[in-house]
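Residues per chain, in single letters:
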Amino acid sequence: MKKIGGKNSMKKIAMISQTMAGKIEQEILQTREKAVAALSKKGYEVLNTYFNDSEQDLKEKGFNNVPLYYLAKSLEEMSKCDTVYFCKGWENARGCKIEHKTAKAYALNIIYEKD
């Protein structure tokens, strides 16, 4: 039986927190690829937190606040992680700041992009 709140010692699982507002898809994916490479070198499995559902499709499904929808999905994925990797510029993005506060509040490991 798995202990509730216990850490999985077998796998190291991380997610990436990165700014997306005002960036084209290619910039987002390049930043993500760089982060995945850095985390993979450290032995992490990286969860996909790049959600690219169409804003119009989401609104048709009843999601009025699309950025909040994406943040909720991101926090759901964070619940599967033991580490969050923050890309440069995270401190200027509303969603990243919330992810950072959440990671700290729940004692997740935090890694900051260095270069």
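Parameters and conventions
Positions within a chain are numbered from 1, following the residues in the order the chain's sequence is written. Thresholds applied to this predicted model are a pLDDT of at least 70 for local features of residues and 80 or more for the giving and counting of side-chain atom pairs; totals over whole chains, interfaces and linings are not thresholded and use all residues. Based on all heavy atoms of the structure, the side-chain values leave hydrogens and waters out of the count. Only DSSP runs of H or I reaching four residues or more are called helices, and only runs of E reaching two or more are called strands; each is numbered from the N terminus. Note on definitions: a residue-residue contact is assigned when non-hydrogen atoms from the two residues lie within 4.5 Å. Pairing between two strands requires that DSSP report at least two bridges joining them. Lines fitted to C-alpha atoms define the axes, with helix axes restricted to the stretch in contact, and inter-axis angles between N-to-C directions lie between 0 and 180 degrees. The buried label goes to any residue with under 20% of its type's maximum accessible area, the exposed label to any with over 50%, and the partly exposed label to all in between, with areas taken from a 1.4 Å probe on protein chains only. Each polar contact in these results corresponds to two N or O atoms within 3.5 Å; when the atoms are within protein, one needs to be able to donate a hydrogen and the other to accept it, and residues that are neighboring in sequence are counted only if both atoms are side-chain atoms.

> Can you break down the side chain of arginine 32 residue by residue, with the values?
Position of arginine 32 relative to the elements: it lies in helix α1 (residues 25-41). With sequence-adjacent residues up to four places away left out, arginine 32 is seen in contact with Ile16, Gln18, Val46, Leu47, Asn48, Thr49 and Tyr50.

> Explain the sheet that holds strand β1 (residues 12-17) residue by residue, including any values.
Taken in spatial order, the 4 strands make up an open sheet running β2-β1-β3-β4, and their pairing is parallel. Lying at the two open borders of the sheet, with one neighbouring strand each, are β2 (44-46) and β4 (109-112). Each strand of the sheet is rotated relative to its neighbour by a mean of 35°, with strand direction disregarded. Of the strand pairs in this sheet, strand β3 (residues 83-86) and β4 are connected by 4 bridges, and their pairing is parallel. Note on β4: the bridge partner recorded for valine 84 is isoleucine 110.

> Explain the environment of serine 79 to me, and be specific about the residues and the numbers.
Inspection of the secondary structure assignment puts serine 79 in the loop between α3 (66-78) and β3. With a relative accessible area of 61%, serine 79 lands in the exposed category. It is 9.3 Å that separates the C-alpha atoms of serine 79 and tyrosine 106, two residues lying 27 residues apart in sequence. Only 2.5 Å separates the side chain of serine 79 from the backbone oxygen of glutamate 76, close enough to count as a polar contact.

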